[in-house]
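# Understanding the architecture of this molecule
What follows is the residue order along each chain.
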Amino acid sequence: MILEHSAKPAEDLEDVQKIRFFFRGDTDIVSCLVSWDALDRLEGGKAADRSERLERFEKHRSAIDVAARRKYRESGGEVTLEADEVLKAAKGG
């Protein structure tokens, strides 16, 4: 399955401290989560608020997408990314 960006906007989920974003698959929408910790570690410090977290998400979207696609190929279901997976993708690994 090829995953492409969904037009659905990213959501900041304070209760689980993750950003939810979406890909369009061949027949459905794939929900993905990336931890706030991953975004903080990419930037070297905690985000001040929701707005800054979403800005960080957009800034690092290409690395997050690489990590999400990789994990989706392995799991085939909803994807939850932790910091190490995103940092690895950001470094080209």
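In short, a report on the structure.

The rules behind these values
- Residues numbered from 1 in each chain as written.
- Predicted model: local features only at pLDDT ≥ 70, side-chain atom pairs only at ≥ 80, totals over all residues.
- Heavy atoms only, no water.
- Core = buried A, V, L, I, M, F, W, Y, C linked by side-chain atoms within 4.5 Å.
- Buried < 20%, exposed > 50% of the residue type's maximum accessible area, 1.4 Å probe, protein only.
- Contact = heavy atoms within 4.5 Å.
- Axes fitted to C-alpha atoms, helices over the stretch in contact; angles between N-to-C directions.
- Helix = DSSP H or I, 4+ residues; strand = E, 2+ residues; numbered from the N terminus.
- Left-handed = near helix turned anticlockwise from the far one by under 90°.
- Nonpolar A, V, L, I, M, F, W, Y, C, P; charged D, E, K, R; others polar.
- Salt bridge = Lys/Arg side-chain N within 4 Å of Asp/Glu carboxyl O.

Residues Ile19, Phe21, Val34, Phe57, Ile64 and Leu81 are the most contacted members of the largest nonpolar core, which totals 24 residues. The residues contacting Phe21, other than those within four sequence positions of it, are Ala10, Val30, Ser31, Cys32, Leu33, Val34, Phe57, Arg61, Ile64, Asp65, Ala68 and Leu81.

Turning next to the packing of helix α3 (residues 61-75) against helix α4 (residues 83-90). Two elements in contact, α3 and α4, have axes whose closest approach is 8 Å; the angle formed by their N-to-C orientations is 115°. Every pair of crossing elements has a handedness; the one defined by α3 and α4 is right-handed. Between α3 and α4, the contacting residues are Ala63, Ile64, Val66, Ala67, Arg70 and Lys71 on the first element and Glu85, Val86, Lys88, Ala89 and Ala90 on the second. The residue makeup of the contact of α3 with α4, split by class, is seven nonpolar, no polar and four charged.

On to the pattern of salt bridges. Going through the model one piece at a time under the given rule, you end up with ten salt bridges. Residue Glu11 is joined to Arg20 by a salt bridge in which the shortest nitrogen-to-oxygen separation is 3.2 Å. By relative accessible area, Glu11 is classed as partly exposed at 28%. Among the salt bridges present, the one from Asp84 reaches Arg41, with a minimum N-O distance of 3.2 Å. Placement of the pair is Asp84 in helix α4 and Arg41 in helix α1 (residues 36-43), with a sequence separation of 43 residues. Residue classification places Asp84 among the exposed residues on the basis of a relative accessible area of 55%. What emerges from the salt-bridge pattern is a single network uniting Asp37, Arg41 and Asp84.

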